[in-house]
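Examination of the molecular architecture
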Amino acid sequence: MLPRETIATAQIPDGKELTLVSHGRDFIIMLGRDELMGTRMQFSEEQLAVLTLAELDAPKPRILIGGFGMGFTYRAALANLPSGGEVVVAELVPEILEWARGPLAHLSAESLDDPRGEAILCNVEALIDDANDGTSAKYDAILLDVDNGPDGIVVDSNFRLYTRTGIAKAKDALNPGGIMAIWSAAPDHKFTTRLKDGGFEVEVREVRARPNNKGPRHTIWFARKR
């Protein structure tokens, strides 16, 4: 059995620690003992972008992604972006972007140099608030993959994203017809209800972690602003 090798660690604002490990040819980002993401099961994170972009009517969509991670969602958004579109990704942990240009350069470095995209070191809530305050333009899609689901496990401030207040702020940051899509490792029926109560039209899909229709089933909410 192949051992896991620690490559790097990073402290996040709440004092928790992220660890980048290798396991043979694969890489995994851990939060404590929990796996946040890994190169063996990236398909559903790519589908977060692919499926959302397929549903958008905006000819030149402006996309906001919460969480860079290993760049799976960001890369997929750029690969499927219509001409004239742009993608902004908010990443809270500086080391994540350093890893993307270092040990994970074969996965992500090229996407960080794409002129259609921009990586900003901040919490995604700050960019949502900027859109609400008129500091920046509104978005046609907001893609959230900052936790393993709507529970704010990475940093406490993420809990706001999944509350009624956070849902309302995200809705206000969207253009009409815009979509907020949220990735989760598991279903959460109460969160579905909160999205509907917030005035969104909601579709919930299950997506396999691997493209061969194997691996765990992950949940993605697609919430469209009416």
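Everything that follows concerns the structure shown earlier in this document.
Reference entry: report on the structure contained in this document. No experiment lies behind these values; they were computed from the predicted model shown. Every chain begins its residue count from 1, and numbering advances along the sequence as written. In view of the model being predicted, local features appear only for residues whose pLDDT reaches at least 70, and side-chain atom pairs are presented and counted only at 80 or more, with totals across whole chains, interfaces and linings using the full set of residues. Side-chain measures here rest on the full set of heavy atoms in the structure, leaving out hydrogens and waters.

1. Some details on the overall build of the chain
Applied cut-off: Counting from the N terminus, the helices are the DSSP runs of H or I reaching at least four residues and the strands are the DSSP runs of E reaching at least two. Only the C-alpha atoms count toward the radius of gyration. The rule for a globule is 2.2 Å times the residue count to the power 0.38. Burial classification: accessible surface area is computed with a 1.4 Å probe over protein chains only, and a residue below 20% of its type maximum counts as buried, one above 50% as exposed, and the rest as partly exposed. It only takes one pair of heavy atoms within 4.5 Å for two residues to be counted as in contact. Asp and Glu count as negative and Lys and Arg as positive, but His and the ends of the chain are not part of the count. Just so you know, the charge point we use is NZ for Lys, CZ for Arg, CG for Asp and CD for Glu.
Secondary structure assignment for the chain yields seven helices and 11 strands. For 226 residues, the compact-globule formula gives about 17 Å, and the C-alpha radius of gyration of the chain, at 17 Å, lands near that figure. Taken along its principal axes, the extent of the C-alpha atoms in the chain is 50 × 40 × 35 Å. By the burial criterion, 51% of the 226 residues in the chain qualify as buried. When contacts within the chain are restricted to residue pairs at least 6 apart in sequence, long-range pairs at least 24 apart make up 66% of them. In the chain, which carries 26 positive and 33 negative side-chain charges, the distance between the mean positions of the two groups comes to 6 Å.

2. Section: the pattern of salt bridges
To keep things clear, this is the line we draw: We count a salt bridge whenever a side-chain nitrogen from Lys or Arg sits within 4 Å of a carboxyl oxygen from Asp or Glu.
The tally for this structure, following the rule as stated, stands at 11 salt bridges. Close ionic contact of R164 with D197 constitutes a salt bridge, the shortest N to O distance being 3.5 Å. On the criterion of sequence distance, the pair formed by R164 in helix α6 (residues 164-172) and D197 in helix α7 (residues 189-197) is long-range, its members being 33 residues apart. Here R164 falls in the exposed class, since its relative accessible area comes to 54%. Of the charged contacts in the structure, one is a salt bridge between R205 and E203, with a shortest N-O distance of 3.0 Å. Several salt bridges share partner residues, and in doing so they unite E55, E203, R205 and R224 into one network.

3. What about the packing of aromatic side chains?
To be explicit about the condition: Here a Phe, Tyr or Trp ring, Trp counted by its six-membered ring, pairs with any other such ring whose centre lies within 6.5 Å, and the pair is stacked when the planes are under 30 degrees apart, edge-to-face when over 60, and tilted otherwise.
Taken as a whole, this structure holds three aromatic pairs when the rule is applied. Measuring from centroid to centroid gives 6.0 Å for Y162 and F191, while their planes differ by 80°, and the two rings are edge-to-face. A residue pair is termed long-range when its members are at least 10 positions apart, and Y162 in the loop between β8 (139-144) and α6 and F191 in helix α7 qualify at 29 residues. Seen from their ring centres, F191 and W221 are 4.9 Å apart, and the 85° between their planes marks the pair as edge-to-face. Of this pair, F191 sits in helix α7 while W221 sits in strand β11 (residues 217-225); the two residues are 30 residues apart in sequence, bridging distant segments of the chain. W221 gets classed as buried once you look at its relative accessible area, which sits at 0%.

4. Some points on the sheet that holds strand β1 (residues 5-11)
For clarity, the cut-off: Strand pairing is defined by DSSP finding a minimum of two bridges between the two strands. Helix axes use the C-alpha atoms of the stretch in contact, all axes being lines fitted to C-alpha atoms, and the angles between their N-to-C directions lie in the range 0 to 180 degrees.
Judged by pairing direction, the sheet is antiparallel, and its four strands sit side by side in the order β1-β2-β3-β4 without closing on themselves. Across the chains shown, the open sheet's two edge strands, defined by having one partner strand only, are β1 and β4 (34-38). The mean angle between the axes of side-by-side strands here comes to 25°, regardless of whether they run parallel or antiparallel. In the sheet, β1 pairs with strand β2 (residues 17-23) via six bridges, with the strands oriented antiparallel. Bridge pairing in β2 places T9 opposite T19.

5. With respect to the pairing of β8
Looking along a regular strand, one sees the side chains alternate between the two faces of the sheet. The buried fraction of β8 amounts to six of the six residues, a majority that puts the element mostly inside the structure. Where strand β5 (residues 62-66) meets β8, four bridges bridge the pair, whose relative direction is parallel. The residue bridging I63 from the neighbouring strand is A141, located in β8. In terms of strand pairing, β8 meets strand β9 (residues 174-184) through five bridges, oriented parallel. Looking across to β9, one finds that L143 is bridged to A181.

Read these as layout, nothing more, since geometry by itself doesn't imply function.
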